[in-house]
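Chain residues, written in single-letter form:
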Amino acid sequence: MSKHERWNTLLELLASTGRLEVEEAAATLDVSPATIRRDLDELAEQRLLVRTRGGAVPHGVSYELPLRYKSSRHASEKQRIAAAVAELVHEGEVLGLNGGTTTTEVARALALRFGAGRPESPGTPAAPALTVVTNALNIAGELAVRPQIKIVVSGGVARPTTYELVGPLAAGVLNEVVLDVVVLGVDGIDPELGIMAHHEDEAGISRLFAERASRVVVVTDSSKMGRRAFARICGLDRVDVLVTDAAVPAEAVRRLADADVRVITV
């Protein structure tokens, strides 16, 4: 197991259990306690955790893995979700994307569908196949090299865990655009409270995305169903479609259907 794989596993364990003990982690990863201690020390230097006597605890009260460490979670499900979402988007539309691992996969699927070159009429530049408005720096970077996709990036202050731009500058740009559809990644979905995010600044930008769009598509793997997060984005009455994986509980699908949310499982 490489160092990166060990770090990824350690951070996953910490996110799920709330505490790591050196001896237990060493046994789980089948490495020496000395290796785990070095790993925890290096992760602490990067402010990804806090070292304690004999182990580690999350860094801060609200713990969230950086995007680069979350990308391996439910990877195949997210890729299937992304492929299904790409089919819901029509050529020429203006689409909003917030940040996150699932929306990053959506961006990649859109690049495959709309990023191929098209012939231009002599002297007349071709209209973009798709216009994408995003507050995620990594998504903008991946799509900027696709000449057939027009990229609009909000301003704002970057959050290092998700690469999202947040704050008044981001809101100022989004207040000036009109979207055909927005695709939102979320941290929790509750039948009563709606869709949620871990942080209030991200939730505020996602809420504005939803307000500016004619159609709202929520993308998430089934592990987020029934889970609550700190900050509410909007109620289910604002959501048109939810795309998730086939492991979603039947009761959750029924309650979403009762709220007039179309559920697509892949």
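Residues numbered from 1 in each chain as written. Predicted model: local features only at pLDDT ≥ 70, side-chain atom pairs only at ≥ 80, totals over all residues. Heavy atoms only, no water.

## Points about the sheet that holds strand β2 (residues 49–52)
What the three strands build is an open sheet, ordered β1-β3-β2; its pairing is antiparallel. Of all strands in the sheet, those with a lone pairing partner are β1 (20–21) and β2, marking the two edges. Sheet analysis places β2 next to strand β3 (residues 55–58), joined by four bridges and oriented antiparallel. In the sheet register, Thr 52 faces β3, and the bridge partner there is Gly 55. Sheet strands in contact with helix α3 (residues 33–45) are β1, β2 and β3, and its direction is about 130° off that of β2. (Pairing = 2+ DSSP bridges. Helix = DSSP H or I, 4+ residues; strand = E, 2+ residues; numbered from the N terminus. Contact = heavy atoms within 4.5 Å. Axes fitted to C-alpha atoms, helices over the stretch in contact; angles between N-to-C directions.)

## Details of the nonpolar core
Counting 31 residues, the largest nonpolar core has Ile 189, Ile 195, Phe 209 and Val 218 as its most contacted members. Sorting the residues of this core by element identifies α8 (168–174), β9 (179–185), β11 (194–197), α9 (200–212), β12 (213–219), β13 (231–234) and α10 (250–258) as the ones contributing at least two each. A total of five residues in this core trace back to one element, the largest contributor, which is α9. Setting aside residues up to four positions removed in sequence, Phe 209 forms contacts with Gly 96, Leu 97, Asn 98, Val 133, Thr 134, Asn 135, Leu 174, Leu 179, Val 182 and Leu 184. (Core = buried A, V, L, I, M, F, W, Y, C linked by side-chain atoms within 4.5 Å. Buried < 20%, exposed > 50% of the residue type's maximum accessible area, 1.4 Å probe, protein only.)

## With respect to the side chain of Thr 244
Relative to the assigned elements, Thr 244 resides in strand β14 (residues 241–244). Judged by relative accessible area, Thr 244 falls into the buried class, the value being 0%. Only 2.8 Å separates the side chain of Thr 244 from the backbone oxygen of Thr 220, close enough to count as a polar contact. (Polar contact = N/O pair within 3.5 Å; in protein donor to acceptor, adjacent residues only side chain to side chain.)

## A short note on the pattern of salt bridges
Evaluation of the coordinates by the stated rule reveals 13 salt bridges. Across the pair Glu 23 and Arg 37 runs a salt bridge whose closest N-O atoms are separated by 3.9 Å. Remark: Arg 37 occurs in helix α3 and Glu 23 occurs in helix α2 (residues 22–29); sequence separation between them is 14 residues. Given a relative accessible area of 51%, Glu 23 falls into the exposed group. When the shortest N-O distance is used, the salt bridge between Asp 190 and Arg 228 registers 3.1 Å. Placement of Asp 190 in strand β10 (residues 188–190) and of Arg 228 in the loop between β12 and β13 is noted, with a sequence separation of 38 residues between them. By relative accessible area, Asp 190 is classed as buried at 7%. One salt-bridge network, held together by shared partners, links Glu 105, Arg 108 and Glu 142. (Salt bridge = Lys/Arg side-chain N within 4 Å of Asp/Glu carboxyl O.)

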